Structure formats: C-alpha cells, structure tokens
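As a plain string of letters, each chain reads:
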Amino acid sequence: MSTENYDPYYPDQPVVDQYLPVWASQHAFGHKPAFIWADDDDRRSGGTSSYTALTYSQLNAAVQRMARNLLETVSRGDTVLLLASPGLRLVKLIFACQRAGLVAVPVIPPDPSKLGTSAEGEAHRHLIRAVSQTRPSAAVADAGYIDTVMKSPVPALKSLRWVPVCRVETRASSAAAADDNAGRAGYGGCGPGETYLIQYTSGATGAPKPVVVTAGAAAHNVRAARKAYDLHPGSVVASWLPQYHDCGLMFLLLTVVSGATCVLASPAAFLRRPRLWLELVAEFGATCTPVPSFALPLVLKRGRRRPDPEHGARPLQLGTLRNLILVNEPIYKSSVDEFIREFGPAGLDASAVSPSYGLAENCTFVSTAWRGTETKIRSDRLSLPSYKKLLPSARLQSPAQETDEIEIVVVNGDTGEPVEDGVEGEIWISSPSNASGYLRLPSASREAFRASLRGRAGTSFVRTGDCGVVRGTERYLYVLGRSADAIAINGQRRVHAHYIETAAFDSSPDCLRGGCVAAFATSPSSLVVVAELQKGKGHTQLSNICDGIRRAVWKEEGIRVGSIMLVESGGLPKTTSGKLRRGSAREKLLAGELPKVFVAHYAEHAVVSTSAWLQNGSTEMDECRTSWVVPQAGGEMVVMASGNASQRVRLQSSL
C-alpha cells in the first residue's frame, strides 16, 4: 500500500520523532494541541471534566529537554524501562527515548506493594520477565512508585538504576543553550535502522515475547495506517487504549505523523465508566477512535445512548466519527450491528466501522476493511460482508492495496504454499513494517520472521499464527482466530474456541462475565468450558446455567461439552491487555488452582454433527446423564447425579 504523505509541503521524515520539530516550527501547528489528557475523576464526583492539553511546540520542547536529561544518566543505545503512569508524561517519555537514541521498553506498572508476595499477578511476573530479558540500564517511574519498589523483597528490581520522572522532566535554565546547540548539530536520535522499541506480544497463547522494532519500521507502519484510515492534520483521535504497546502506542505515533490531535484517557477510567469513551468522541468531535471489539458489548451493557444518572448525564452526538476502528479479533457482525442500532440515532454512521487487523510482529497495523473513502451504499447498515459470523479485517483487492509494500498471503503452514481463495490457512505478512525478531530468542525469531513461500526466495514473511481465509471478488480477509486456540474435536474438525465461548456466554449474559469464558480440550474427546460468574450471582441456579451453556454450544456448533466449571469473578488468567490465556487456564484447571464455585460433568460424548442430528429427525438435543459437584469446606460433594457410578466422579479424576 502506498504510504506517501498527502502534502508535499510537509515531506515525510525517516523516523516519527523528527515530525515533531516540523510541526512545532509551523505557525499553524505550533500552538495546536497534539495530545489532550482527560481526567474523569471530577466528572464521576458530579463536577466538570478536567483536561490538560500539550501543544506540538510544548511537546517538542519537552522531548528535547527530557532526551538531554536522560542522557545524563544513561548512554545512547542503552535500554530504558518505562514504568510511568498513563498520561502525558508517558507520551513525552516515549518520544524522548527516540530522540535520545535509547531503546524504550514501556511496561504497565503493576502494584509495587504486591511485588514478591503471594498476591502478585501476571503484571508483576511480566515486569520481572522484562527486566530479565531486556537487561535495562535504567528504569523510569513515578517517585512514589520507586520508593515502594525499593522496599520490596525483589533483588532484580532493587538493583536497577531508578530515575524519577520528575527529574527527567525538569532542567536547569543553563541547559537551554545546550539544547539549541544540539538542534543545530543535527539529529542524534534513533536512525531508521536502529532499535527504538521493545514491545511484548500479548502472551495469549504462551509466554509474552519481546519484539524488536526499529525506528524506520515503526515510521513505515504508522504512515501505512495514516493512509489506510485517511488521517490528516484535521483529524481528532479519541483513545483510552493502554499506551504501553500495540494499538495504544501506535496511535501516539500515528497522531504525530498525521499532525492530528489525540484525546487520551486511561483504560481504568473506561472500565469504571465505559460511556466516557463516547462522551470524549462527542465533546471533541473525534473523527477516529480505536477500540478492541469487546468494548462494544461492554458499552451496550453499561453506557447506552439514553442519558441517566447511572450511564452519564450528557446526550451523545457521534456524527463526526469517520473511523470506528475495531481491533482484537474476532470481530462479530452481530455485536457491531447491535451497536449501530443503539447509537445510530446519536449520529453514528455505519460506514465509519473499520474492522482492522494488527500484531506486534508487524509493529501493530496490518490492514483494514474500511470503505469510508468510497461512495456510501447505506449509512444505517453495514455494507461489509460476513463469514462465519465475523466481519473482514482487510480488503486485498482495493485501491489501498495497489502496491505490494504490505503483502498478505494465506498459506498452508505445513507446505509453505499459498492456498486458493476460500480455503482456510495461516496468515503470513511481508512488509517494511516487519519487526526484526524476538530479543535474544534466535530460534523463535527464525521460525516466526524468516518464513518464505515456495518460488519466492529472498522475500521473508512473518508467520502470524492466525488462521484466515480470503473470500469474494474484492478478496476480503477474515481472521478466524489463533491456530493455537483451535480445538480438535475427535480428529474430525477444528473449531476456534471463541465460537464455543460466545455461544456459552450468550446462554446466560445476565449471570456470566463477558469476555471471561474459556473453552479448551483436556483430552482428544473431552471439551471443557470455564466461565466466570458475575459478582453477586453465586446463589443463582448454577446447574441451570451449566445446562444452558451445554445446550447453547450444541445448538450453535454441534459439539457436546464434557464438563463445565463456574468460577469466581476474575478467576480466569488473562494477559496484561485483557486477553484470555486459555492454555494457562487449562493448566490451572488440571492443577486444581481455579477458584471454582460449581462444576457440572456430563456423560462422555464428543461430537455429533448438526447435519446428522437433523437427519435423525430430532429438533432438540437429547439430555445426557449428569453429575454436579459443588466445593464444600470439607471437600467436594456430589449433590445430584444420575447414571452409573463411573459418572459420579470428582473433577480431578474425570478430567
């Protein structure tokens, strides 16, 4: 895809940071807000919202100052761990590291008081992992955070060179001349071929891996995204995504490359009050907003259009939105349709929906199926096709794909040969945005980053591990799910876990937590569903919930579930970005480490195809014999059972 800049008066720069002095020196841009931070605390308490703006001129000056101060502690080329809280400080730090020629490793700061204790979670383990793998020369964090870390019993953290953010932000007045001299001497930051960022994969299907990103690859990636979404200096972005990696970090860079304005809020603020996201879109007239697909049902549940004391008092006007960017596959058409029905009366145009695809190994952005720059077909309904309930994430036969800068191929992963359209396979990507590999993991890097197609020697592809299919005359790409999460049912077919999980949740949406249902196999013939209960639902008819899950999975997928476990809210392991870790959930289940509330076992049946079931003339799934197990203080107890004694077994032995 072409990534040329729109305006020849503002030529593209080799790295993202070099756009800042270009914008800062222009009269029309110097005093324009680059980033605005929205603090929701005042509004939650009944007051007005608090906003802090950072202009392009202020950002450029702060980046120059902070880069100089960082180099008083570390040397060019060193690795620096960034643990600052979400906000404008973190934005400035990310750009300052690039200008100083440092390798930035942004990490979500876990609660430091739990470090080294039994209460620490995945975020704490990820921090230790990042320290061990990236070997930083220093770590930058808030002063209070550093004080708590130094009291922790973790030697690997206490031995780090810690630098308070406030020290990096301040400078003596005598430093101004040095900054001016540095500017005249030429750019000394990261060059296009130099590493500027280590960002971690999500860790949904294994341990998070450190991805090495060069400054040139990152610049290419955001220029490609700018072109794909038609962003420009008049664009306004609204984002609450984490600023530490993937899409949240990419949109910081994309804002600067586009000369746009980005309104930021914290992920915690969105989770506390999902309506905040749409209020920011309405208040600032946002034209673009990236969200994970799970945000849509969450807003529908807790932040609907009609104003009320619970969901927010202000009416919404969403007519300015041109790009509703949906990331984190799978993207279900039904969820998007419901969102459009709810917020269409508030001005949301269906043509704004931009299903997209990305991954850390390609910096972030790969593609979008957005049709917004073309003639609209209808504005109140999606014009995009669907396949197996999902929306596409790319349109390979389109003006945006006129060149082969970003090449997407669906491949037979075993043979390395492209498959025909309509045949499912693994998605491979070749692009200047491809990352360099995984830090200090040469074998994994060769496997993931050095794939080649037969007959295409010399062109390297990234193996995404995602299953996809291309369909239709416009060659829409559908991302079906992670290959590692697909469940083999008795060797007959492979079913992506999210289909089973969606059917399970839809059977009891008032009792189960959305996005907190995991499906996996514990043996070739044993399918297990683990679902988190909403808080306060512990006294619901739990056996009825389990039976409903089993019936729903059978009806939707023709698969019999062997066992169902209901667990406490928060009981399933997730990544730091909120993705399910199904493999880890399976391990915890087999080890007896999940906080179970109720368990239902069913007689062993694997798969009966829907077509065979219908041929037998049945219109309803036959009920299987069942045993229910409830944990008690003195151990597990079978509270209801039918069938022979072999069916009345405990969870550990049956799984």
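All values derive from a computational prediction rather than experimental measurement.

Rules and cut-offs
Residues numbered from 1 in each chain as written. Predicted model: local features only at pLDDT ≥ 70, side-chain atom pairs only at ≥ 80, totals over all residues. Heavy atoms only, no water. Helix = DSSP H or I, 4+ residues; strand = E, 2+ residues; numbered from the N terminus. Contact = heavy atoms within 4.5 Å. Areas by Shrake-Rupley, 256 points an atom, 1.4 Å probe, with all protein chains shown as cover. Pairing = 2+ DSSP bridges. Phe/Tyr/Trp six-rings, centres within 6.5 Å; stacked < 30°, edge-to-face > 60°. Buried < 20%, exposed > 50% of the residue type's maximum accessible area, 1.4 Å probe, protein only. Lys NZ or Arg CZ within 6 Å of the ring centre and 35° of its normal. Axes fitted to C-alpha atoms, helices over the stretch in contact; angles between N-to-C directions. Parallel < 35°, antiparallel > 145°, perpendicular 65-115°, else oblique. Left-handed = near helix turned anticlockwise from the far one by under 90°. Nonpolar A, V, L, I, M, F, W, Y, C, P; charged D, E, K, R; others polar. Salt bridge = Lys/Arg side-chain N within 4 Å of Asp/Glu carboxyl O. pLDDT = per-residue confidence, 0-100. Core = buried A, V, L, I, M, F, W, Y, C linked by side-chain atoms within 4.5 Å. Right-handed = clockwise from strand over helix to strand, strands pointing away. Polar contact = N/O pair within 3.5 Å; in protein donor to acceptor, adjacent residues only side chain to side chain. Disulfide = S-S within 2.5 Å.

What follows covers the overall build of the protein chain. The number of helices and strands found in the protein chain is 22 helices and 29 strands. Taking contacts inside the protein chain between residues at least 6 apart in sequence as the whole, the part at least 24 apart equals 72%. A total of about 27000 Å² of accessible surface is found on the protein chain, and carbon and sulfur atoms cover 49% of it.

Here six strands make up an open sheet; going across it, the order is β15-β21-β20-β18-β16-β17 and the pairing antiparallel. With partners counted over all chains shown, the strands left at the sheet margins are β15 (394-395) and β17 (417-418), one partner each. Across six bridges, strand β20 (residues 462-471) lies against strand β21 (residues 476-482) in antiparallel orientation. Across the sheet, the residue bridging to Cys467 is Gly481, located in β21.

Under the criterion given, the structure shown has twelve aromatic pairs. Taking 6.5 Å as the distance between ring centres and 75° as the angle between the ring planes, the aromatic pair formed by Phe270 and Trp277 counts as edge-to-face. Ring geometry for Tyr387 and Tyr478: centres 5.6 Å apart, planes at 50°, overall tilted. With Tyr387 in the loop between β14 (365-368) and β15 and Tyr478 in strand β21, this pair connects stretches of sequence that are 91 residues apart. You can call Tyr387 buried: its relative accessible area is 14%. It is Lys209 that lies over the ring of Tyr438; its NZ or CZ is 5.6 Å from the centre. Positioned above the aromatic ring of Trp554, the side-chain terminus of Arg560 is 4.5 Å from the ring centre.

What follows concerns the packing of helix α15 (residues 295-302) against helix α16 (residues 333-343). Following both chains from N to C, one finds α15 and α16 inclined at 40°, their axes separated by 9 Å at the closest point. In terms of their interaxial angle, α15 and α16 are classed as oblique. Read as a crossing pair, α15 and α16 show a hand that is left-handed. On α16, the residues touching Leu296, Pro297, Val299 and Leu300 of α15 are Ser335, Val336, Glu338, Phe339, Glu342 and Phe343. Residue composition of the contact of α15 with α16, by class: seven nonpolar, one polar and two charged.

Looking now at the pattern of salt bridges. Scanning the model with the defined rule gives 27 salt bridges in all. For Glu474, the salt bridge is made with Arg395, and the minimal N-O distance between the two is 3.0 Å. With Glu474 in the loop between β20 and β21 and Arg395 in strand β15, this pair connects stretches of sequence that are 79 residues apart. Note on Glu474: relative accessible area 26%, which makes it partly exposed. The partner of Arg454 in a salt bridge is Glu417, and the shortest N-O contact between them spans 3.0 Å. Residue Arg454 is found in the loop between α17 (442-449) and β20, and its partner Glu417 is found in strand β17; the two are separated by 37 residues along the sequence. A relative accessible area of 34% means that Glu417 is categorised as partly exposed. One continuous salt-bridge network, built from bridges that share partners, spans Asp40, Arg273, Arg275 and Glu279.

Turning next to the packing of helix α4 (residues 56-70) against helix α5 (residues 88-100). Taken N-terminus to C-terminus, the directions of α4 and α5 make an angle of 60°; their axes are 8 Å apart at the nearest point. Taken together, α4 and α5 sit at an angle that is classed as oblique. You can see that α4 and α5 cross each other, and the crossing is right-handed. Residues Leu59, Asn60, Ala62, Val63, Gln64, Met66, Ala67 and Leu70 of α4 touch α5, and the partners they reach there are Arg89, Lys92, Leu93, Phe95, Ala96, Cys97, Arg99 and Ala100.

What follows deals with the confidence of the model for the protein chain. Confidence in the prediction for the protein chain averages 86 pLDDT; 83% of positions are at 70 or higher. Here residues 605-625 is modelled with pLDDT under 50, and outside its nearest four sequence neighbours on either side it reaches 34 contacts, counting other chains as well. The low-confidence segment residues 632-655 (pLDDT under 50) makes 47 contacts with residues lying over four places distant or belonging to another chain.

Glancing now at the nonpolar core. Ranked by size, the top nonpolar core spans 164 residues in total, and within it Phe35, Trp277, Phe339 and Leu566 carry the most contacts. In this structure, Leu81, Tyr145, Val149 and Leu157 belong to the second largest nonpolar core, which totals 22 residues.

In this section: the pairing of strand β10 (residues 261-264). Side chains of β10 alternate between two faces, with Thr261 and Val263 and Cys262 and Leu264 buried alike. Sheet analysis places strand β1 (residues 33-39) next to β10, joined by three bridges and oriented parallel. Across the sheet, Phe35 pairs through a bridge with Cys262, a residue of β10. Bridging between strand β9 (residues 236-239) and β10 involves four bridges; their strand directions are parallel. Counterpart to Val236 in the pairing with β10 is Thr261. Tracing the backbone out of β9, into helix α12 (residues 246-258) and back to the parallel element β10 gives a crossover that is right-handed.

All right, on to unusual backbone geometry then. We note that Arg135 has phi near 50°; this positive angle belongs to a residue other than glycine. Relative to the elements of secondary structure, Arg135 occurs in the loop between α6 (122-134) and β5 (138-141). Overall, the relative accessible area of 56% leaves Arg135 in the exposed class. Notably, Lys388 is not glycine yet its phi reads approximately 50°, a positive angle.

With that out of the way, let us pick up the side chain of Thr214. Within the fold, Thr214 resides in strand β8 (residues 210-214). Residue Thr214 is classed as buried on the basis of its relative accessible area of 13%. Within the structure, Thr214 has its side chain in polar contact with the backbone oxygen of Pro192 (distance 3.5 Å). Apart from residues lying up to four places away in sequence, Thr214 is in contact with Pro192, Gly193, Glu194, Thr195, Tyr196 and Ser436.

We now examine the state of the cysteines. Taken as a whole, this structure holds zero disulfides when the rule is applied. Unpaired in this structure, Cys262 has its nearest cysteine sulfur neighbour in Cys288, at a distance of 8.7 Å.

The subject of this paragraph is the environment of Gly121. Here Gly121 lies in the loop between β4 (103-106) and α6. Judged by relative accessible area, Gly121 falls into the partly exposed class, the value being 23%. Each C-alpha atom, one on Gly121 and one on Pro573, is 9.3 Å from the other, the two residues being 452 residues apart in sequence.

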